[in-house]
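These are the residues of each chain, in order.
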Amino acid sequence: MNSYDRVMTALSHKEPDRVPVFLFLTLHGAKEQGLTLKEYFSKAENVAEGQLKLLDKYDHDCLYSFFYASKEVEAFGGTTIFYEDGPPNAGSPLIQKLEDIDRLTCPDPQESEALKEPLKTIKLLAKAKKGEVPIVSAMISPFSLPSMLMGLEQWLDLLLFGDRIVRDKLLDVMQSFCVSWANAQFEAGVDAIGFFDPLATSEVMTREQFLSFDFNVAANTIKKIKGPIVYAGAGGRFEHIIDLIPKTGAIGVVVSSNDNLKKIKQLVGDEINLLGNLNNIEMASWTATKTEAEVRRCIEQGANGGGFILADQHGELPFCVGDGILHKIVETAWKVGNYGRKD
Amino acid sequence: MLIDKDEWTFSSNLLESLMDCDRFKARIVLDEAAKSLGTEKVFSDVIPRALNSLGERWAKGEAALTQIYAASRIIEEAMDRLSPNLQTTSQLKCKVVIGALDYHGLGKNIITKFLRASGVEVIDLGTSISPERLAEAAIRNKADAILVSALMLHACLRTERIKRILDSQGLKIPIMVGGAPFNFDSTLWRKVGADAKGRNACETFKELTELLKK
């Protein structure tokens, strides 16, 4: 069974030969090629080659075409700040004052200079491995994207205390962009997209606020996307809205390490696929024993009956997580993830 | 200690309005409390009690960032409106330097507002501050503590450099850290050489109080 079949079997709530493992490695490909992160992300060929090298090296079950979240900010005309040792961040907020929202236009992903390289990366990966290894990507949800375009404080101000008409206008532009960006990625060849909505997590919003502000925005966006969507909270918890996530149209959800995977499996395991919930932050200092124990825990709590992919809780493994830990995750999943079969 | 019934009612109503992120209701509660109890009592008792309860709810996962943020805005607005010249009855007399090691400033700004509302002198250096600048500002301003905020793991790890600078000069200024990675890895604050961590504004205040007793 190849990785693609393994993942598709798991996603159809059946047990494949072993539990699929996704290592969400966005930065490690640069290290493999001796490039700085800025150099690495400057060309589609670098990222595609990085992903293929990482696939060979760790023998996990996906190719991750995602560059960094600020790519979407660049598409709107914003800037990105690069670091030597961590993921790039968005630069100064593009929307400095509310009047800027009126002038905001939705970029066309097919024409966008900023999104050209990510789309090319997907095409390169699809050419190399389509149907053999799932190609997955990520995008920021329309509700969370404004926090990157205008800063979280300004977005919360507009959301909680601001003009509803201005807020809705901003969300309309965000929705249009997210739909076209997601569909452009599917056309290029991705098999599934992580829909990052950290503002929906219980750390940020209550269930009532999610229902009032976000749910319809997410559901209406996902409805228009022509491919499978996985809801992700960037490490935040979804237990407070876990029953609502399948209703957004998402086919999967990334579970936080602070959420109870076993309980979530019991609650919605039949309705939605679960990914997770290795602690990507703590992982940097795990021993081999601790790594094995955590992989075992996730598999014991989530894998039974399919509908589960072993992954980290965030959708991005920090640069400082070393080879030994990454190999140990895959090795343990192979060892203990055969669904109790004796073969 | 016996709590005045009105005072308790005002605190309780204020907490309810903070949980609802309702600044209009909060304004009415605070105005009535100021009229009934006096402005000083509002800032020394009514607000701290409501914020303390909010912090406890956050620690138990019963409050969200939106509610904490709304509270910080509401209290800041109340300070500007009701007591621009009032010297708050400081529960903690100290001076701290605060800065974010990356571009994420929301946590830092909330902590700053809450500490200022509690009478602490806060020197806010802003976001994307180097560890060297934080250490230098703390030394120059004779700060009692350095508060470090970071959302990205690689930024959190730079806290060690502050510790190294202080150690190289034989200085013992306590370092407190806060930010999501410190919540995901409960031992990270020790690994980066901090003396304490705060998961929210109230915990930061409590931990800071304890740190400065040492």
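One can find the structure itself at the top, above this paragraph.
If you're wondering where the values come from, they're calculated on a predicted model, not measured in any experiment.

The next thing to look at is the overall build of chain A. Helices and strands together make up the secondary structure of chain A, namely 14 helices and nine strands. Its C-alpha atoms give chain A principal-axis dimensions of about 65 × 45 × 35 Å. Expressed as a percentage of its 343 residues, the buried residues of chain A come to 63%. By sequence separation, contacts in chain A at least 24 residues apart represent 72% of the contacts at least 6 residues apart. Carbon and sulfur atoms make up 50% of the accessible area of chain A, which amounts to about 12800 Å² in all.

The next subject is the sheet that holds strand β3 (residues 145–149) of chain B. All names here are of chain B. Spatial ordering of the open sheet is given by β2-β1-β3-β4-β5, a layout of five strands whose pairing is parallel. Two strands in the sheet have a free side with no partner beyond their single neighbour: β2 (121–124) and β5 (196–197). Examined bridge by bridge, strand β1 (residues 95–100) and β2 share four bridges and lie parallel to one another. Looking at the pairing, Val96 lines up with Val122 of β2.

This next bit is on the state of the cysteines. Residue and element names in this part refer to chain A. Here the structure, examined in full by the defined rule, presents zero disulfides over all chains. Free cysteine: Cys62, not disulfide-bonded; nearest cysteine sulfur from Cys298 at 16 Å. Taking relative accessible area as the criterion, Cys62 reaches 0% and is therefore assigned buried.

Contact residues are listed per partner, giving 27 residues for chain B and 29 residues for chain A. Between chain B and chain A, a total of about 2400 Å² is buried, with carbon and sulfur atoms accounting for 64% of that surface. The largest share of the area that chain B buries against chain A comes from B:Thr66, B:His154 and B:Phe184, three residues that together contribute 28% of it. The interface formed by chain B and chain A contains three salt bridges. Along the contact surface separating chain B from chain A lie 11 residue pairs in polar contact (both at pLDDT 80 or more). For the side of chain B that touches chain A, the secondary-structure elements that each account for two or more residues are α4 (65–82), α5 (106–117), α7 (153–156) and α9 (180–184) of chain B.

Here we take up the pairing of strand β5 (residues 192–196) of chain A. All names here are of chain A. Burial within β5 is extensive, with five of its five residues counted as buried. Burial along β5 is two-sided: the residues Ala192, Gly194 and Phe196 and Ile193 and Phe195 are all buried. Where β5 and strand β6 (residues 229–232) come together, four bridges link them in parallel fashion. Looking at the pairing, Ile193 lines up with Ile229 of β6. Regarding topology, helix α11 (residues 207–224) serves as the crossover connection from β5 to the parallel β6, and that connection is right-handed.

Before going further, it helps to spend a moment on the nonpolar core. Counting 160 residues, the largest nonpolar core has A:Tyr231 and A:Leu310 as its most contacted members. Element by element, the count of residues in this core is highest for helix α10 (residues 164–188) of chain A, at 12 residues. Not counting residues within four places of it along the chain, the set of residues in contact with A:Leu310 comprises A:Val19, A:Pro20, A:Val21, A:Phe22, A:Gly276, A:Leu278, A:Val295, A:Cys298, A:Ile329 and A:Ala333. Among the nonpolar cores identified, the runner-up in size contains 29 residues, and B:Leu125, B:Ala137, B:Phe184 and B:Leu188 belong to it.

All names here are of chain A. In this structure, Asp100 sits in helix α6 (residues 99–103). Judged by relative accessible area, Asp100 falls into the buried class, the value being 12%. Looking at Asp100, its side chain comes within polar contact range of the main-chain nitrogen of Gln96, at 2.9 Å.

Here we come to the environment of A:Glu15. All names here are of chain A. As for its placement among the helices and strands, Glu15 is situated in the loop between α1 (3–11) and α2 (28–32). Glu15 sits in the partly exposed class, given a relative accessible area of 33%. Taking the C-alpha atoms as reference points, Glu15 and Gly233, separated by 218 residues in sequence, lie 26 Å from one another. Leaving out residues up to four positions away in the same chain, Glu15 has contacts with Thr9, Asn304, Gly305, Gly306, Tyr339 and Arg341. At 2.7 Å, the side chain of Glu15 and the backbone nitrogen of Gly305 are in polar contact.

Thresholds, definitions, all that
Residues numbered from 1 in each chain as written. Chains lettered and ligands numbered in written order. Predicted model: local features only at pLDDT ≥ 70, side-chain atom pairs only at ≥ 80, totals over all residues. Heavy atoms only, no water. Helix = DSSP H or I, 4+ residues; strand = E, 2+ residues; numbered from the N terminus. Buried < 20%, exposed > 50% of the residue type's maximum accessible area, 1.4 Å probe, protein only. Contact = heavy atoms within 4.5 Å. Areas by Shrake-Rupley, 256 points an atom, 1.4 Å probe, with all protein chains shown as cover. Pairing = 2+ DSSP bridges. Disulfide = S-S within 2.5 Å. Buried area = accessible area lost by both parts, 1.4 Å probe. Salt bridge = Lys/Arg side-chain N within 4 Å of Asp/Glu carboxyl O. Polar contact = N/O pair within 3.5 Å; in protein donor to acceptor, adjacent residues only side chain to side chain. Right-handed = clockwise from strand over helix to strand, strands pointing away. Core = buried A, V, L, I, M, F, W, Y, C linked by side-chain atoms within 4.5 Å.

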